[in-house]
Amino acid sequence: MKLLRLFVTAVSLVLCACSTVSVTNQWRDPSWAGPPASNVVVVGISRSDTMRRVFEDTFAQQLQAAGVQAAASYTQIPPGNGGAVRLRDLVKGTGAQAVLVTRVQRVQQKVSVTPSGPYYGGFYGWYGGAWASTPDINQYEVVTLETSVWDARNEKLIWTVTTENVATNDIPKTSTQLAQTLIPKMKADGILR
């Protein structure tokens, strides 16, 4: 029984560690006619300047690897809500056709309870084992992100998606997973060239 419990715990941890980004909602402006953007400014909204820089650099690198010119906003815009004028100047200066913005929408605590069974031998076998074993309990956080793309030419929202992922401190890995999930979707939807 202990071996089974260890196996279940190990599988749970591996699944959490290897989890991928899942898209929960997606919207595209049906009236937006394009053209697809080939140049994007990446904005990460975060209270941590370090997390913002790592996210923007990583996402911009993934866009460039996919053939889209990209610039991280932190190079020109300080953190906080006073950067709207500088963002407009950055967009104009880089020739960007779109602005991609990602922010945390919510963080939820989740609990996974894995029973210690199965028990064989009927009720009496189960009853004796129930006293000897307890379920495995794992706590983890699920982060919901909102990523929006704005048309820089007319300043309208043209595409938005919400995603979920198990929280981790590995921001480059999470940013890469997010980019590798979203870039093909944006290309398929005609948002990116």
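I will try to describe carefully the structure that is included in this document.

## Regarding the sheet that holds strand β2 (residues 39-45)
At step 1: Judged by pairing direction, the sheet is mixed, and its 6 strands sit side by side in the order β1-β6-β5-β4-β2-β3 without closing on themselves. Edge strands, defined here as strands with exactly one partner in the open sheet, are β1 (22-28) and β3 (69-72). Across this sheet, the average inter-strand angle for adjacent strands is 20°, counted without regard to direction.
At step 2: In this sheet, β3 lies alongside β2 in parallel orientation, the contact comprising 4 bridges. For V42, the partnering residue across the bridge sits in β3 and is A72.

## Some points on the pairing of β2
At step 1: Within β2, 6 of the 7 residues are buried, which leaves it mostly tucked inside the rest of the structure.
At step 2: Crossover connection from β2 via helix α2 (residues 49-65) to parallel β3: handedness right-handed.
At step 3: When β2 meets strand β4 (residues 98-114), the two strands line up parallel, connected through 6 bridges. Of the residues in β4, the one forming a bridge with V40 is A98.

## So, the pattern of salt bridges
At step 1: Applying the stated criterion across every chain, the model contains 5 salt bridges.
At step 2: Among the salt bridges present, the one from R53 reaches D49, with a minimum N-O distance of 3.1 Å. Of this pair, R53 and D49 both sit in helix α2, 4 residues apart, which is roughly one turn of that helix.
At step 3: Judged by relative accessible area, which is 28%, D49 ranks as partly exposed.

## With respect to the side chain of T163
At step 1: In this structure, T163 sits in strand β6 (residues 156-166).
At step 2: Excluding residues within four positions of it along the chain, T163 makes contact with V21, S22, V23, T24, V143, T144, L145, L178 and L182.

## Concerning the nonpolar core
At step 1: Formed by 26 residues in total, the largest nonpolar core has its most connected members in V40, V42, F59, L63 and M186.
At step 2: When residues of this core are traced back to their parent elements, those giving at least two are β2, α2, β4, β5 (136-151), β6 and α5 (171-188).
At step 3: The leading source of residues in this core is α5, at 5 residues.
At step 4: Residues contacting M186, with those up to four places away along its chain left out, are F59, L100, V149, W159, I191 and L192.
At step 5: Counting 8 residues, the second-largest nonpolar core is a separate cluster that includes V43, I77, A96 and V99.

Each value, and the rule that gives it
Residues numbered from 1 in each chain as written. Predicted model: local features only at pLDDT ≥ 70, side-chain atom pairs only at ≥ 80, totals over all residues. Heavy atoms only, no water. Pairing = 2+ DSSP bridges. Helix = DSSP H or I, 4+ residues; strand = E, 2+ residues; numbered from the N terminus. Axes fitted to C-alpha atoms, helices over the stretch in contact; angles between N-to-C directions. Buried < 20%, exposed > 50% of the residue type's maximum accessible area, 1.4 Å probe, protein only. Right-handed = clockwise from strand over helix to strand, strands pointing away. Salt bridge = Lys/Arg side-chain N within 4 Å of Asp/Glu carboxyl O. Contact = heavy atoms within 4.5 Å. Core = buried A, V, L, I, M, F, W, Y, C linked by side-chain atoms within 4.5 Å.

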